[in-house]
Amino acid sequence: MLPDIDSLALFVRAAELRSLTKAAEASHIGLAAASRRMALLEHRFSTTLFERSSRGVELTAAGASLLPHARALLVELNQMQAEMRDHANGRKGALRLLANTSVITDTLPDDLAAFAHHNPDVQVVVEERWSEEIVRALQAAEADVGIVVEGTVADGLETLPYCMDRLAVVMPHDHPLAAFPSLGLNNVLDDELITLEGGASMTRLLAAQAAIAERTLQLRVQVRSFEAVCHMVAAGLGLGLLPERAAQVLAKGLDLTVRPLHEPWATRRMLLCLRKERGSTPSVSKLLTFLCGRGHLPEATNNP
């Protein structure tokens, strides 16, 4: 009897996350059900796939051998489902794109609108996620293309430069720092700050830079969205830290001022990423070529 696809997908998640508990959560099933699936999978292969401990799970030699086969099978299944969905909907191509909040509130909407105008036969379904979540989904063949911030660990994925953003400070218009055209991180470290929650790559970057300066971030509020950061700032709870262009859009109507951080590290590059085998798919190739050609990067950066 062949192993079922859901169990193989759970196995891949557990191997990548090194935790059956986290894999169960990502698969939206209970831990007991996940354990039964893994036990059945090991029974079907007549071998142990994981070494289990209080720290999580580690692949056995058999599990390490199974992992690339399971990943390849999931990729093929994903492609099959996409092609069958296209036939059902009368479209030649349909892509699933996962993107971080920075590009969704900046360059991506206009780029996708232009792509749709020039490629009406290809539908792009977009979902917003954290960069680390995007990488895990791509590795598990749950999406076609992702956009993540540079520095995100993307083992096994190809990356291409897409665009850049710069971090900035969001403040009430009458704050003393609003008089300066740009700021350094040290200028705001004495204030209470409002940031995205700790799992966000931007928050980790800010904390790391504060540590280099032998300071700490005085975090008063941490939220999950850019909009929430701006509303907290407008309520007088502290200074916000966000990508500059997204902050400029969101600050309108809230009587807020946005000032960029001038340090080089505050400029971040966004990367398109995908599994290597997906790049040969015609609709994926069209999207990548289009996005890379939108001119969001200096010429030298855009052609590494």
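Residues numbered from 1 in each chain as written. Predicted model: local features only at pLDDT ≥ 70, side-chain atom pairs only at ≥ 80, totals over all residues. Heavy atoms only, no water.

In this section: helix H7 (residues 131-139). Taken as a whole, H7 has its buried residues at Ser131, Ile134, Val135, Ala137, Leu138 and Gln139. One or two positions beyond H7, positive phi appears at Ala141, with a value near 60°. (Buried < 20%, exposed > 50% of the residue type's maximum accessible area, 1.4 Å probe, protein only. Helix = DSSP H or I, 4+ residues; strand = E, 2+ residues; numbered from the N terminus.)

Before going further, it helps to examine the packing of helix H6 (residues 108-118) against helix H11 (residues 282-292). Their axes nearest at 10 Å, the elements H6 and H11 cross at an angle of 130°. By the criterion of interaxial angle, the relationship of H6 to H11 is oblique. Crossing geometry of H6 relative to H11 is assigned as right-handed. Across from Asp111, Leu112, Ala114, Phe115 and His118 in H6, the residues of H11 making contact are Lys286, Leu287, Phe290 and Leu291. By residue class, the composition of the contact of H6 with H11 is six nonpolar, one polar and two charged. (Axes fitted to C-alpha atoms, helices over the stretch in contact; angles between N-to-C directions. Parallel < 35°, antiparallel > 145°, perpendicular 65-115°, else oblique. Left-handed = near helix turned anticlockwise from the far one by under 90°. Contact = heavy atoms within 4.5 Å. Nonpolar A, V, L, I, M, F, W, Y, C, P; charged D, E, K, R; others polar.)

This next bit is on the pattern of salt bridges. Throughout the structure, instances matching the rule amount to 19 salt bridges. Between Asp4 and Arg44 there is a salt bridge, with the nearest N and O atoms lying 3.6 Å from each other. Of this pair, Asp4 sits in the segment before helix H1 (5-17) while Arg44 sits in helix H3 (residues 31-45); the two residues are 40 residues apart in sequence, bridging distant segments of the chain. You can call Asp4 partly exposed: its relative accessible area is 25%. Here Glu42 makes a salt bridge to Arg52, at a shortest N to O gap of 3.5 Å. With Glu42 in helix H3 and Arg52 in strand E1 (residues 50-53), this residue pair connects regions lying 10 residues apart in the sequence. (Salt bridge = Lys/Arg side-chain N within 4 Å of Asp/Glu carboxyl O.)

Inspection of the secondary structure puts Ser182 in the loop between strand E6 (157-172) and strand E7 (193-196). A residue is classified by how much of its surface remains accessible, and Ser182, at 29% relative accessible area, is partly exposed. As for Ser182 and Leu261, which are separated by 79 residues in sequence, their C-alpha atoms are 5.9 Å apart. Those residues in contact with Ser182 that sit more than four places away from it in its chain are Arg259, Pro260 and His262.

Time to look at the nonpolar core. The nonpolar side chains of a soluble globular protein tend to be buried with one another. Within the largest apolar cluster, 38 residues are counted, with the highest numbers of intra-cluster contacts made by Val169, Val170, Val188, Leu206, Leu242 and Leu261. When residues of this core are traced back to their parent elements, those giving at least two are E6, E7, helix H8 (201-212), strand E8 (219-223), helix H9 (226-234), strand E9 (239-243), helix H10 (244-251) and strand E10 (256-260). Broken down by element, this core gets its largest block of residues, five residues, from E6. (Core = buried A, V, L, I, M, F, W, Y, C linked by side-chain atoms within 4.5 Å.)

Turning next to the environment of Gln123. Tracing the backbone shows Gln123 in strand E4 (residues 122-128). It is 4.6 Å that separates the C-alpha atoms of Gln123 and Ala94, two residues lying 29 residues apart in sequence.

Below, the discussion takes up the environment of Val284. Topologically, Val284 is positioned in helix H11. Overall, the relative accessible area of 0% leaves Val284 in the buried class. Distance in space between the C-alpha atoms of Val284 and Leu98 is 13 Å, their sequence separation being 186 residues. If we skip the residues at most four places from it in the chain, Val284 touches Leu95, Asp144, Val145, Leu274, Arg278 and Gly279.

As a further point, take the packing of aromatic side chains. The final tally for this structure, using the stated rule, is two aromatic pairs. Taking 5.3 Å as the distance between ring centres and 45° as the angle between the ring planes, the aromatic pair formed by Phe11 and Phe50 counts as tilted. With Phe11 in helix H1 and Phe50 in strand E1, this residue pair connects regions lying 39 residues apart in the sequence. Judged by its relative accessible area of 0%, Phe11 is buried. With 5.5 Å between their ring centres and 70° between their planes, Phe115 and Phe290 make a pair best called edge-to-face. In this pair, Phe115 is assigned in helix H6 and Phe290 in helix H11, connecting sequence segments 175 residues apart. (Phe/Tyr/Trp six-rings, centres within 6.5 Å; stacked < 30°, edge-to-face > 60°.)

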